[in-house]
Amino acid sequence: MMRTRPLKVALLGCGVVGSEVARIMTTHADDLAARIGAPVELAGVAVRRPSKVRQGIDPALVTTDATALVKRGDIDVVVEVIGGIEPARTLITTALEHGASVVSANKALLAQDGAALHAAAEEHGQDLYYEAAVAGAIPLIRPLRESLAGDKINRVMGIVNGTTNFILDKMDSTGAGYQEALDEATALGYAEADPTADVEGFDAAAKAAILAGIAFHTRVRLDDVHREGMTEVTAADFASAKEMGCTIKLLAICERTADGQSVTARVHPAMIPLSHPLASVRGAYNAVFVESDAAGQLMFYGPGAGGSPTASAVLGDLVAVCRNRLSGATGPGESAYAALPVSPMGDVVTRYHISLDVADKPGVLAQVATVFAEHGVSIDTVRQQGRNQSSGDAVAVDQDGEASLVVVTHRASDAALSGTVEALRKLDTVRGVASMMRVEGE
Ligand code: HSE
């Protein structure tokens, strides 16, 4: 039966996402009420610039005093789409203290302070939902937290940043360099004026922390995630990747270590085979590949950003939280019972693709191979990286007596692999390490 007293929603932030949330709440009001069992009413909208015209929003609801709004006491659900750490953290905590549940899209805050916010929600008997914080519209948090709650997740590997996927896809399909592809992403509105959070992997690292925490029932904070950006990826790297039947993606990888006693979380560019489902994720799309004991391999795919897609995830949470509220229950809170330690990057086991500029002298190949052997790293293949040469020899020689060597290793610890590269740099015969990149997904 439909309850007539509406559930009151306060919206914090009315930008690209917030305005879409408000619009869908209005245009889909009847459907939302039927699905929830009570109408939902927009009771207030906190913004920074009240004079801005916001179509479809009653100006009487607009306020600059977000604190007063979350303290009102009659608000059922606070939707936070401001982003950033403060004032979002204080506003969410205050809302929970004042009897409101919270729906948030704030990945940075959840990756940094998720444990404290979950604790506050539990203490005050409220919900804290954040489907929109990771991969926009893609249902991911709820499938991991609820649908797979009876399974054991071993690995979560995803493309969780659309801007960088757009740039890398452009480099792959056109042969463009990083800067040229970034300029196009900026012109088309995919990249922000300051793209640091995306291209240096901060955005993806926050999402990796959230995913790892849920997948492994363990607290994983942003600081636990090893992060490397993708600004150093070159057109030559893509050419090399192509020769190996691979492409390059910025991946967020969360996995259990081989002994199952700890977990790792990392973000870095990596080569993946074209046959891997993540290789076909084009443009600004996101996708997350999940491997679990019982379900096997699952892939979640869709738009990872933008006003409407993100609002879709926010609205899904809003419906769930409102339903919980009407039934006098709360949904699942934080699950961190496993409390597995988070291992450092050195413990990750992976493969490397290393491109070296070496002197063309007898014995160089043997010297290079010895360094790998000394570090316990087994070489899979050695081949030429074309330098205007098309011979099939293992070493391509140019007219200055230099050669390019591309070495692909078998799996080894990241510590052993990076130790190998460090030692190679010290060899007189190695003029430079042109690139090194991990190879994943095989
Ligand atoms: N800037 C992000 C991206 C979207 O490019 O995917 C929000 O997390």
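Residues numbered from 1 in each chain as written. Predicted model: local features only at pLDDT ≥ 70, side-chain atom pairs only at ≥ 80, totals over all residues. Heavy atoms only, no water.

Looking at the sheet that holds strand β6 (residues 128-129)
Here is step 1: On the basis of which strands lie adjacent, the open sheet formed by 6 strands has the order β3-β2-β1-β4-β5-β6 and parallel pairing. Edge positions in the sheet fall to β3 (62-63) and β6, since each of these pairs with one other strand and no more.
Here is step 2: Here strand β1 (residues 7-12) pairs with strand β2 (residues 40-46) via 6 bridges, running parallel. Bridged to leucine 12 within β2 is alanine 46.
Here is step 3: Along the sheet, helix α4 (residues 88-97) contacts β1, β4 (77-80) and β5 (101-104); its crossing angle with β5, the most-contacted strand, is approximately 150°. (Pairing = 2+ DSSP bridges. Helix = DSSP H or I, 4+ residues; strand = E, 2+ residues; numbered from the N terminus. Contact = heavy atoms within 4.5 Å. Axes fitted to C-alpha atoms, helices over the stretch in contact; angles between N-to-C directions.)

Quick notes on the nonpolar core
Here is step 1: Within the largest apolar cluster, 77 residues are counted, with the highest numbers of intra-cluster contacts made by Val78, Ile167 and Ile210.
Here is step 2: For this core, the element with the most residues is helix α10 (residues 202-216), which contributes 11 residues.
Here is step 3: Residue assignment places this core across two domains, with domain 1 (7-136 + 308-327) and domain 2 (141-304) each supplying three or more.
Here is step 4: If we skip the residues at most four places from it in the chain, isoleucine 167 touches Tyr178, Ala181, Leu182, Ala185, Val199 and Met230. (Core = buried A, V, L, I, M, F, W, Y, C linked by side-chain atoms within 4.5 Å. Buried < 20%, exposed > 50% of the residue type's maximum accessible area, 1.4 Å probe, protein only. Domains from an automatic or database assignment.)

Focus on the pairing of strand β7 (residues 153-159)
Here is step 1: By the criterion of burial, β7 is predominantly enclosed, with 6 of the 7 residues buried.
Here is step 2: Sheet topology note: the β7/strand β9 (residues 246-256) ladder contains 4 bridges and is antiparallel. Note that in β9 the partner of valine 156 across the bridge is cysteine 254.

Quick look at the pairing of strand β10 (residues 263-273)
Here is step 1: Of all 11 residues that make up β10, 11 are buried, and the element is covered over most of its length.
Here is step 2: Side-chain alternation along β10 places Val263, Ala265, Val267, Pro269, Met271 and Pro273 on one buried face and Thr264, Arg266, His268, Ala270 and Ile272 on a second face that is also buried.
Here is step 3: The pairing of strand β8 (residues 226-227) with β10 spans 2 bridges and is parallel. Looking at β10, one finds that arginine 227 is bridged to valine 267.
Here is step 4: Across 11 bridges, β9 lies against β10 in antiparallel orientation. Residue pairing across strands places lysine 249 opposite alanine 270, the latter belonging to β10.
Here is step 5: The loop that links β9 with its antiparallel partner β10 comprises 6 residues; one of these, glycine 260, has a positive phi angle of about 70°.
Here is step 6: Examined bridge by bridge, β10 and strand β18 (residues 430-439) share 2 bridges and lie parallel to one another. Its bridge partner lying in β18, alanine 270 is registered against arginine 438.

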